[in-house]
There are 2 protein chains.
Amino acid sequence: MLSKKEIKDIQSLSHKKARSETGLFVAEGPKIVSELIQIAPKQIQTIYAIEQWVAENKTVAATVLSDIELERISQLQTTNQVVAVVKQFESKEPNAGESFCLYLDTIQDPGNLGTIIRIADWFGIKDIVCSSDCVDLYNSKVVQATMASIARVNVYYDEEGIWLSKQQAPVYAATLGGNSIYEINKLTNGVLMIGNESKGLSDRTLAFATERITIPKKGAAESLNAAVATGIILSHLI
Amino acid sequence: MLSKKEIKDIQSLSHKKARSETGLFVAEGPKIVSELIQIAPKQIQTIYAIEQWVAENKTVAATVLSDIELERISQLQTTNQVVAVVKQFESKEPNAGESFCLYLDTIQDPGNLGTIIRIADWFGIKDIVCSSDCVDLYNSKVVQATMASIARVNVYYDEEGIWLSKQQAPVYAATLGGNSIYEINKLTNGVLMIGNESKGLSDRTLAFATERITIPKKGAAESLNAAVATGIILSHLI
């Protein structure tokens with residue numbers, strides 16, 4: 001049984017302000033929670049779960065809740081067995097001269113950011129830099145879409161907007177009308193910049209590009225989803 | 001001013017049953033509606049819009065509504081200027097021997113289906129076959145995610161489940177543990193099968209595969225989103 005204060009504290013983590021103040025976030029559902037337990041056990045602060053989940057995960061310390069109690073602290077439309085309160089990961093400033101980095105310019109859809117983190121993790125990309133106006137990494141929809149890749153990829157927010165200006169490595173801008181990605185050699189370092197879902201890369205960001213690259217279009221669609229474009233480009237460049 | 005009956009009729013199009021009975025669906029927002037007016041004007045039955053949209057689209061016949069009235073007939077969380085009631089497109093059974101087709105097995109997330117249609121349109125793929133348990137093409141979230149590509153790609157539902165058994169062309173199954181997509185020659189005909197978001201391709205569907213193909217993984221993520229995987233594979237095969 002949870003106290004009113006506990007419920008309120010967990011619910012408050014749906015707001016960025018409370019997440020920043022406490023350094024915590026919420027992850028939900030058996031799949032992502034099980035994976036976080038495996039790969040980042042020290043990050044997990046508390047697990048709340050219904051009896052069924054607890055019975056299936058006997059080695060894990062968890063607070064047993066009723067369905068109704070779990071629903072109260074869940075941020076999902078459909079509550080799914082388990083809610084974990086997790087410590088935010090340490091974020092380090094990456095160097096594009098040492099490894100290949102993604103730079104995300106104003107990615108505002110949480111599903112897109114989460115999916116891009118999962119894609120980066122698939123292709124072995126360790127570092128993502130987000131412009132300060134990207135959606136918050138610990139937004140619950142971002143967390144869910146990462147499918148636990150959030151624990152494996154370093155995401156750094158460029159709060160001062162100066163990260164790009166410090167890089168010496170090549171900077172590739174995903175745009176319309178650039179060089180075909182089918183004709184670029186594989187890369188081991190540098191930056192791939194991905195722009196906002198509807199506006200693309202801002203002029204300010206584009207100014208840092210050393211090469212503009214494009215996924216050649218054979219049909220008529222006006223554009224590709226930002227996450228899909230990221231996946232396609234990485235599959236050709238990495 | 002709309003009558004109660006009109007409002008009810010339009011609202012009912014959020015249900016598949018009413019869409020099937022009337023042969024209509026709803027598309028919303030300036031971007032998709034403008035594109036549908038351009039590429040499929042004959043499909044559009046009625047346009048409802050606020051004054052601002054009507055003033056900016058003087059050549060288009062539209063019923064002017066107040067913000068509140070438009071909200072009432074909108075299926076989006078945030079109503080966006082214009083709602084169009086559109087006739088469903090004719091659907092033809094494709095032949096994978098003549099052109100390259102996508103086969104979607106139990107794709108249930110509307111955003112994924114819509115995004116896959118948009119990706120197909122980008123790569124010039126004209127035909128998609130859906131297993132009968134895929135989400136409905138005219139679900140409003142599917143329609144919105146296609147970004148008007150719904151008017152350019154033929155989507156055929158394999159209601160009897162026999163389409164695959166009739167194809168003579170090669171059938172590629174996107175799975176884990178197949179041949180690398182980086183080593184497959186470009187294709188002009190055949191089928192690419194994409195499986196359900198969490199369960200992948202069913203055994204029944206996999207039995208029709210002539211070759212299993214995989215996006216090689218360099219990192220640790222367990223899987224890729226179905227739409228992202230479709231985009232990556234098509235960028236290498238087409």
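Residues numbered from 1 in each chain as written. Chains lettered and ligands numbered in written order. Predicted model: local features only at pLDDT ≥ 70, side-chain atom pairs only at ≥ 80, totals over all residues. Heavy atoms only, no water.

Colleague: When you look at the pairing of strand β6 (residues 127-131) of chain B in this model, what are you seeing that I'm missing?
Modeller: Side-chain direction in a regular strand flips from residue to residue, so the side chains alternate between the two faces of the sheet. Residues and elements named next belong to chain B. Burial analysis of β6 places five of its five residues in the buried class, the great majority of the element. For strand β5 (residues 100-104) and β6, the ladder comprises four bridges, and the chain directions are parallel. Bridge pairing in β6 places Leu102 opposite Ile128. Taking the sense of rotation as the criterion, the β-α-β connection linking β5, helix α6 (residues 110-122) and β6 turns out right-handed. Where β6 and strand β7 (residues 154-158) come together, five bridges link them in parallel fashion. Paired with Cys130 across the strands is Tyr157, a residue of β7. Note on the crossover from β6 through helix α7 (residues 140-146) to β7: the handedness is right-handed. (Buried < 20%, exposed > 50% of the residue type's maximum accessible area, 1.4 Å probe, protein only. Helix = DSSP H or I, 4+ residues; strand = E, 2+ residues; numbered from the N terminus. Pairing = 2+ DSSP bridges. Right-handed = clockwise from strand over helix to strand, strands pointing away.)

Colleague: Which parts of the structure should I look at to understand the packing of aromatic side chains?
Modeller: The relative placement of two aromatic rings is captured by the distance of their centres and the angle of their planes. Evaluated as defined, the whole model comprises six aromatic pairs over all chains. Grouped by ring-pair contacts, the aromatic residues Phe25(A), Phe89(A) and Tyr138(A) constitute a single cluster. Over the ring of Tyr182(B) we find Lys186(A); its NZ or CZ atom is 5.2 Å from the centre of that ring. (Phe/Tyr/Trp six-rings, centres within 6.5 Å; stacked < 30°, edge-to-face > 60°. Lys NZ or Arg CZ within 6 Å of the ring centre and 35° of its normal.)

Colleague: So what exactly am I meant to see when it comes to the sheet that holds strand β4 (residues 82-87) of chain A here?
Modeller: Either a parallel or an antiparallel arrangement is found when strands of a sheet pair, and the pairing is made through backbone hydrogen bonds. All names here are of chain A. Overall, mixed pairing links the four strands, which are arranged β1-β4-β2-β3 in an open sheet. The open sheet has two edge strands with one neighbour each: β1 (24-28) and β3 (63-64). Note that strand β2 (residues 44-49) and β3 share two bridges and pair parallel. Counted as the bridge partner of Tyr48 is Thr63 from β3. Set on the sheet, helix α3 (residues 30-39) makes contact with β1, β2 and β4; between it and β1 the angle comes to about 125°. (Contact = heavy atoms within 4.5 Å. Axes fitted to C-alpha atoms, helices over the stretch in contact; angles between N-to-C directions.)

Colleague: Explanation requested: the side chain of Asp127(B) in the structure shown.
Modeller: Residues and elements named next belong to chain B. Tracing the sequence through the fold places Asp127 in strand β6. Comment: no salt bridge for buried Asp127; closest opposite-charge side chain is Lys92, at 7.5 Å. A polar contact of 3.3 Å, which involves the side chain of Asp127, links it to the side chain of Ser99. When sequence neighbours within four positions are dropped, the list of residues in contact with Asp127 reads Pro94, Ser99, Phe100, Cys101, Leu102 and Asn154. (Lys, Arg positive; Asp, Glu negative; His and termini not counted. Salt bridge = Lys/Arg side-chain N within 4 Å of Asp/Glu carboxyl O. Polar contact = N/O pair within 3.5 Å; in protein donor to acceptor, adjacent residues only side chain to side chain.)

Colleague: Before we go on, may I ask you to explain the interface of chain B and chain A in this structure?
Modeller: How big an interface is tends to be expressed through the accessible area that disappears when the partners come together. Between chain B and chain A, the residue contacts involve 31 residues of the former and 31 residues of the latter. Among the residues of chain B in contact with chain A, Arg118(B), Trp122(B) and Lys218(B) are the three that bury the most area, contributing 26% of the side total. Between chain B and chain A we count two salt bridges in total. For the side of chain B that touches chain A, the secondary-structure elements that each account for two or more residues are α3 (30-39), α6 and α10 (226-237) of chain B. Tallying contributions element by element places α10(B) first for the side of chain B that touches chain A, with six residues. The residue makeup of the side of chain B that touches chain A, split by class, is 14 nonpolar, nine polar and eight charged. (Buried area = accessible area lost by both parts, 1.4 Å probe. Nonpolar A, V, L, I, M, F, W, Y, C, P; charged D, E, K, R; others polar.)

Colleague: Where do I start with the side chain of Thr205(A) in this structure?
Modeller: Mapped onto the elements, Thr205(A) comes out in helix α8 (residues 203-206). Leave out the neighbours within four places in its chain, and Thr205(A) touches Tyr103(A), Asp105(A), Leu164(A) and Met193(A).

Colleague: Help me out: how do you make sense of the sheet that holds strand β8 (residues 171-180) of chain B in this one?
Modeller: Residue and element names in this part refer to chain B. Taken in spatial order, the six strands make up an open sheet running β7-β6-β5-β9-β8-β10, and their pairing is parallel. The strands lining the two open edges of the sheet, one partner per strand, are β7 and β10 (211-214). Within the sheet, the average angular offset between the axes of one strand and its neighbour, ignoring direction, is 35°. Two elements, β5 and strand β9 (residues 190-194), share five bridges in a ladder whose sense is parallel. In the strand pairing of β9, Leu102 is matched with Leu192. Sitting on the sheet, α10 touches β5, β8, β9 and β10, and the angle it makes with β9 is about 155°.

Colleague: I would appreciate a short explanation of the confidence of the model for chain A in the present structure.
Modeller: One rule of thumb: low pLDDT means the predicted coordinates there are not for detailed reading. On average, residues of chain A score 95 in pLDDT, and 100% of them reach the 70 mark or higher. Predicted complex, confidence summary: ipTM 0.93, pTM 0.94. (pLDDT = per-residue confidence, 0-100.)

Colleague: Mind showing me how you'd approach the relation of the copies chain B and chain A here?
Modeller: Mapping chain B onto chain A leaves a residual RMSD of 0.0 Å; the transformation is a rotation of 180° accompanied by 0.0 Å of translation along its axis. The relationship between the two copies is best expressed as a two-fold rotation axis. A high fraction, 100%, of the interface residues of chain B reappear at the interface in chain A, so the copies pair face to face through one surface. (Least-squares fit on C-alpha atoms with pLDDT ≥ 70 in both.)

Colleague: Just to check I follow, could you spell out α3(B) for this structure?
Modeller: The α-helix winds at 3.6 residues per turn, so residues separated by three or four positions along the chain end up facing the same way. Residues and elements named next belong to chain B. Every buried residue belonging to α3 is among Ile32, Val33, Glu35 and Leu36, and all of these are buried. Each buried residue of α3 lies within a common arc of 165° when the element is viewed along its axis, so the set occupies one face. If you follow the buried residues of α3, they end up packed against β1 (24-28), β2 (44-49), α4 (51-56), β4 (82-87) and α7. (Arc of directions from axis to C-beta.)

Colleague: Explain the environment of Val26(B) to me, please; I cannot follow it from the model alone.
Modeller: Residues and elements named next belong to chain B. On the secondary structure map, Val26 appears in strand β1. For Val26, a relative accessible area of 2% corresponds to the buried category. In this structure the C-alpha to C-alpha distance between Val26 and Gln75, which are 49 residues apart in sequence, comes to 8.3 Å. Excluding residues that lie within four positions of it along the chain, Val26 makes contacts with Ile10, Leu13, Gln75, Val83, Ala84, Val85 and Val143.

Colleague: What is the right way to read unusual backbone geometry from this model?
Modeller: Negative phi characterises most residues that are not glycine, and trans characterises most peptide bonds. One non-glycine residue, Gln81(A), adopts positive backbone phi at about 70°. Tracing the backbone through its elements, the reader meets Gln81(A) in the loop between α5 (67-73) and β4.

Colleague: So what exactly am I meant to see when it comes to the layout of surface pockets here?
Modeller: Residues and elements named next belong to chain B. Computed from the structure, the second largest pocket encloses a volume of approximately 530 Å³. Lining the second largest pocket are 23 residues; nearest its centre among them are Phe89, Glu90, Ser91, Tyr138 and Val155. Looking at the lining of the second largest pocket, the elements with two or more residues in it are α2 (16-22) and β7. For the lining of the second largest pocket, a count of residues per class yields eight nonpolar, six polar and nine charged. (1 Å grid on protein atoms, 1.4 Å probe; cavity = no way out; pocket = protein on both sides within 12 Å on 5 of 7 lines; lining within 4 Å. Points joined across faces, edges and corners; volume = space filled by probe spheres on them.)

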